[in-house]
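What the coordinates show
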Amino acid sequence: MTATTSDIDKAAGVLRAGGLVAFPTETVYGLGADAEDPTAVTRIFQVKGRPPTHPLIVHIGGVEHLSDWAEDVPATARLLAGRFWPGPLTLVVRRGHRVPLETTGGLETMAVRVPGHPVALALLSAFGGGVAAPSANRFGSVSPTTAGHVRAELGEAVDFVLDGGPCEVGVESTIVDVTGDVPSVLRPGGVTREDLQAVLGRPLAVHSASRVRVPGRHPSHYAPRARVVLAEPQRVIAEAERAQDLGHQVGVLVPQPFAGAAVKAHAVVMVPGSMAAYARRLYGFLREFDGQGCDLIVASLPVEEGLGLAIANRLRRAAGPRPAE
Ligand code: TXA
Ligand code: MG
């Protein structure tokens, strides 16, 4: 059920009172608090079990508010914000005075975006301030893409959950750091590198060396309970069957051309050929495998272009570091 105006007013009241509101964005659900309230923001870290040094994204209601929040906004930031907001792009810029260090994990820079979801925009407009929000999941686990996922994972720890239906994009925003001489992508996401490059007119480095902590770049992030192993597409079924024979309950993410006939596995998902459709459903697939009692997931990486880059990044992170040979 989608949030009503009265739900949105209630949620804005919860934020004003220093409470926590889970809300839909076009990417994933966020766990929000008043970005200017250090006590409220500190509760986000407690509920998520997230180290306080890992900075949050400040969500704002429109591109015209950017300079109310950030200092020395560079022309590149204005260019990208003008083109991609509201939408799945987060910019790292210099922190303005109203943003407490609790929100930025102690950094002098901040992450900021205008989300492209009507319920998120209505909440930001009713609240009137900025909403600091990480994804509404426990630290390290799979981001929620429905209100049901949030309730199942965080339950009573959240003061209010706004339901805006399933998220359209399904993976988190692309994070672009524009504080250096050249912009760089800190996390691939819903806006593709190709689209960013077309607007910037220059190639963009992904995961270039960065002084800051980006949890999405740590091992075993975005991880379901089941262990995730990666295989070449043509090896996925053989690997899955081998593990199933060894007694594992195996979940399989396989592109249709490599699926074969009767697969010996606990649960098999043929992944959509469209990367937009795959991104939208990726986290749901991982959660379903957990729900079905899988202890191992065998997946292949899509081609790393367009949204395939973000999907491959999340699968690699979920798989974590390779065991020593
Ligand atoms: O799509 C999204 O971005 C979602 C929705 C809710 O907006 N949010 C999200 O938040 O994914 P979270 O906390 O799960 O990821 C935020 C990322 C983290 O990797 C964090 O390290 C990075 O943003 N970040 C925040 N501030 C930063 C800064 N000043 N410099 C570099 N990275 C920063
Ligand atoms: Mg997250």
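As shown above, the structure is provided for reference.
All values reported here derive from a predicted model rather than from experimental measurement.

Considering the overall build of the protein
- Within the protein, the regular secondary structure consists of eleven helices and 15 strands.
- A globule of 325 residues ought to have a C-alpha radius of gyration of about 20 Å, and the protein, at 20 Å, matches this closely.
- With respect to the principal axes defined by its C-alpha atoms, the protein has extents near 60 × 45 × 35 Å.
- Per-residue burial over the protein gives 56% buried out of 325 residues.
- Contacts in the protein between residues at least 24 apart in sequence constitute 66% of all its contacts with a sequence separation of at least 6.
- Here the protein has roughly 13,700 Å² of accessible surface; of this, 52% comes from carbon and sulfur atoms.
- Averaging the positions of the 31 positive and the 32 negative side-chain charges in the protein gives two centres separated by 3 Å.

Examining the pattern of salt bridges
- Evaluated as defined, the whole model comprises eleven salt bridges.
- Arg-43 is paired through a salt bridge with Asp-159; the nearest N and O atoms lie 3.1 Å apart. With a gap of 116 residues between them, Arg-43 in helix 2 (residues 38–48) and Asp-159 in the loop between helix 7 (147–154) and strand 8 (160–161) connect regions that are remote in the sequence.
- Via salt bridges that share partners, Arg-235, Glu-239 and Arg-242 belong to a single interconnected network.

Quick word on the packing of helix 1 (residues 5–16) against helix 6 (residues 118–127)
- For the pair helix 1 and helix 6, the least separation of the axes is 9 Å and the interaxial angle reads 55°. For the element pair helix 1 / helix 6, the angle class is oblique. Here helix 1 runs over helix 6; the crossing is right-handed. Between helix 1, through Ile-8, Asp-9, Ala-11, Ala-12, Leu-15 and Arg-16, and helix 6, the contact on the second element is made entirely by Val-119, Ala-122, Leu-123, Ala-126 and Phe-127.
- Grouping the constituent residues of the contact of helix 1 with helix 6 by class yields nine nonpolar, no polar and two charged.

Some thoughts on the packing of aromatic side chains
- Under the defined criterion, the tally for this structure stands at two aromatic pairs.
- Centre to centre, the rings of Tyr-278 and Phe-285 are 6.5 Å apart; their planes meet at 50°, and the pair counts as tilted.
- Tyr-278 sits in the buried class, given a relative accessible area of 2%.
- The exposure class assigned to Phe-285 is buried, which follows from its relative accessible area of 3%.
- Above the ring of Trp-69, the side-chain terminus of Arg-98 is found at 3.8 Å from the ring centroid.
- A cation over a ring is seen here: Arg-314 above Tyr-222, with NZ or CZ 4.9 Å from the ring centre.

Let's talk about the environment of Arg-193
- The residue Arg-193 is located in helix 8 (residues 193–200) in this model.
- In this structure the C-alpha to C-alpha distance between Arg-193 and Ile-237, which are 44 residues apart in sequence, comes to 31 Å.
- Setting aside anything within four residues of it in sequence, one finds Arg-193 in contact with Leu-204, Val-206 and Leu-309.

Cut-offs used in this document
Residues numbered from 1 in each chain as written. Chains lettered and ligands numbered in written order. Predicted model: local features only at pLDDT ≥ 70, side-chain atom pairs only at ≥ 80, totals over all residues. Heavy atoms only, no water. Helix = DSSP H or I, 4+ residues; strand = E, 2+ residues; numbered from the N terminus. Rg over C-alpha atoms; globule rule 2.2 N^0.38 Å. Buried < 20%, exposed > 50% of the residue type's maximum accessible area, 1.4 Å probe, protein only. Contact = heavy atoms within 4.5 Å. Areas by Shrake-Rupley, 256 points an atom, 1.4 Å probe, with all protein chains shown as cover. Lys, Arg positive; Asp, Glu negative; His and termini not counted. Charge placed at Lys NZ, Arg CZ, Asp CG, Glu CD. Salt bridge = Lys/Arg side-chain N within 4 Å of Asp/Glu carboxyl O. Axes fitted to C-alpha atoms, helices over the stretch in contact; angles between N-to-C directions. Parallel < 35°, antiparallel > 145°, perpendicular 65-115°, else oblique. Left-handed = near helix turned anticlockwise from the far one by under 90°. Nonpolar A, V, L, I, M, F, W, Y, C, P; charged D, E, K, R; others polar. Phe/Tyr/Trp six-rings, centres within 6.5 Å; stacked < 30°, edge-to-face > 60°. Lys NZ or Arg CZ within 6 Å of the ring centre and 35° of its normal.

Read these as spatial facts, not as claims about activity.
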